[in-house]
Amino acid sequence: MDQITQICKFLLLLIIILTGHSQCKAKDENIGEYGNYLSWSFAKNSNDLANLKKFFKNINLEKIEDSLLEEIFFESVILEEWEKADIISDLLIKRNKKNFSANLYKFFNGILNNEKVEKYLENVETKYIDLNFLKVIYIWKNFNNSEKITYSYEDCLPIICMHYGISKVLKGEKDLAKKYFKSIEKGDFSSYRLKEILFYNSLSSNEKSSQKYLRDLENNDLNIKKYDQKFFEKNTHLLNPVLSQKDGMAEVLYNISSWFFSKDLYKYSAFFGKLSLKLRPNFNAMKLLLYAALEKLGYQFLGSGFVQDLDLENIYYYKFLKIKLSLLEDQNKDDEFLMNLRDFINEHPERIEMKILFADKFRRLENYKKAIQIYSEIIEKDNFKSKWKILYSRGISYERINQWSKAEKDLQEALRLQPEDAYILNYLAYSWLDRKKNIEKALILLEKAVQIEPTDAYIIDSLGWAYYLDNQIEKSVYFLEKAVSILPDDATLNDHLGDAYWKSNRKNEAISQWRRVLILDPNFKEKPVISKKIEKGL
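Described below are features of the structure shown in this document. (Residues numbered from 1 in each chain as written. Predicted model: local features only at pLDDT ≥ 70, side-chain atom pairs only at ≥ 80, totals over all residues. Heavy atoms only, no water.)

**Observations regarding helix 4 (residues 66–78)**
Helix length check: helix 4, at 13 residues, gives a terminal C-alpha distance of 18 Å against a target of 18 Å (1.5 Å per residue), a fit within 8%. In terms of burial, helix 4 is largely enclosed, as 10 of its 13 residues are buried. Among the residues making up helix 4, those that are buried are L68, L69, E70, I72, F73, F74, E75, S76, V77 and I78. The first or second residue beyond helix 4 is E80, which carries a positive phi of 60°. (Helix = DSSP H or I, 4+ residues; strand = E, 2+ residues; numbered from the N terminus. Expected span 1.5 Å × (residues − 1). Buried < 20%, exposed > 50% of the residue type's maximum accessible area, 1.4 Å probe, protein only.)

Have a look at this one:
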């Protein structure tokens, strides 16, 4: 249904745009240009990377209005169409010399190519960015110049202290740099990248605080290995230290990307993340942040290059592995997913969360017996919190293979451990309804579940169906109508509403609902039953 909806939206948008341009003198030309734009937009929404780039290259930039041109500019950077990005940035600046994103693009791209870039920084509209970012940009812009910018370590903001301190390390002024890093340590911060930087600099200065930073990094669950300090003293490259002006600029871009991400401006976050990696391709913390932004934009498939040939020593290995598994799941590469996860579990059997992921995958693949086997091993052998989650999952698996007594036992125990979980309440109660048993108990559970999750269509439907089976038809219609209003394209919900309409003597509406079921899902699992109801009613 999602694909059909996308196609309909695409065709509707095409009709609107073509109609709006029908009176233009250059009608055919405009239709062609907007057709390319729409084809590109459709490919983007469909995650069709090949056609995304194909149609992107065919867009005539001169004929695109400013707002669309800005969007295409962001896409050109995200897709790494750098030649296109160069042309668009010039066009944007030509139309508005103060354009924020275009000027910053030209500035950082110029840094990469050793060009004169001062004018671009001067033209940046400061209302779109925190001024402190411009201050740290100037720290690195003037890094190789005689011009000096001075900040007091006693009262500087952490981001300024960090960049100024790093710049002093690179200039050999380590004692002065320490004072700036000490100033940062006084604050409360959670950024693992900042801890990584402070750890690296404490190593080079033989600081006692290095052990604290190492433990902090391990607590962030970035890697499954337990490192010692001596290992990093010999492998400082794993900490992605800032060693040059370009590295410093890439670090600033990481900070800007992180700032936009925190404000839910994921397009900007991805834009500056891509620029950062252009300056510094192996910047691991940036790759993680960029993937998170791409995922928010529905572009996670563009991050597949980040997880090829994973280095076990990489401080972020465990996070990258999770990304790889997520991408394999999205691409329905089930065998590869299971192989990677199996290899990891064999090496690290203590990682219970990965065992659970392994079992969950078999459950999604409807290999319920294998899922039950793994869930049972976890329950019997491992001590862990949230045991109710495993019992809930195993209960679902038992129910799916018609071992109801075992399923009911697991679900009831899960509910005892987690009595406020709406989904356990719903699953147990609906399973009773499905078996036409414990209707009154099911009603009590479902009324509670709806109070906890008042907008979940499936839970509301369950309550409506419970009222139907309890012959409270008026209440049944109310809740079933509400469920269908939230999720109108679900065949089962429409079927239930049809039954309730028939019982309330609204027979024409009932037949309409049943017909709608077969429109929504021509292969509905109970199609013969639906067809019989359409013909003869209940």
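**Observations concerning the state of the cysteines**
Should the sulfur atoms of two cysteines be covalently bonded, the bond is a disulfide. According to the stated counting rule, one finds 1 disulfide in the structure shown. With a sulfur-sulfur separation of 1.7 Å, C156 is cross-linked through a disulfide to C161. Judged by the sign of its S-S torsion, about 80°, the cystine formed by C156 and C161 is right-handed. Residue C156 is classed as buried on the basis of its relative accessible area of 14%. (Disulfide = S-S within 2.5 Å.)

**Thoughts on the environment of K195**
Tracing the backbone through its elements, the reader meets K195 in helix 11 (residues 192–204). A residue is classified by how much of its surface remains accessible, and K195, at 13% relative accessible area, is buried. Once the C-alpha coordinates of K195 and Y213 are considered, the two residues, 18 residues apart in sequence, prove to be 6.0 Å apart.

**Things to note about the nonpolar core**
Counting residues in each nonpolar core, the largest one holds 93 residues, and the members touching the most others are F73, L104, F107, I137, F232 and F272. In terms of residue count, the dominant contributor to this core is helix 16 (residues 284–296) (8 residues). In this structure F232 touches F199, L203, L214, Y227, L238, L239 and I315, once residues within four positions along its chain are discounted. If you look at the next biggest cluster of nonpolar residues, it comprises 75 residues, including W404, I460, L493 and L497. (Core = buried A, V, L, I, M, F, W, Y, C linked by side-chain atoms within 4.5 Å. Contact = heavy atoms within 4.5 Å.)

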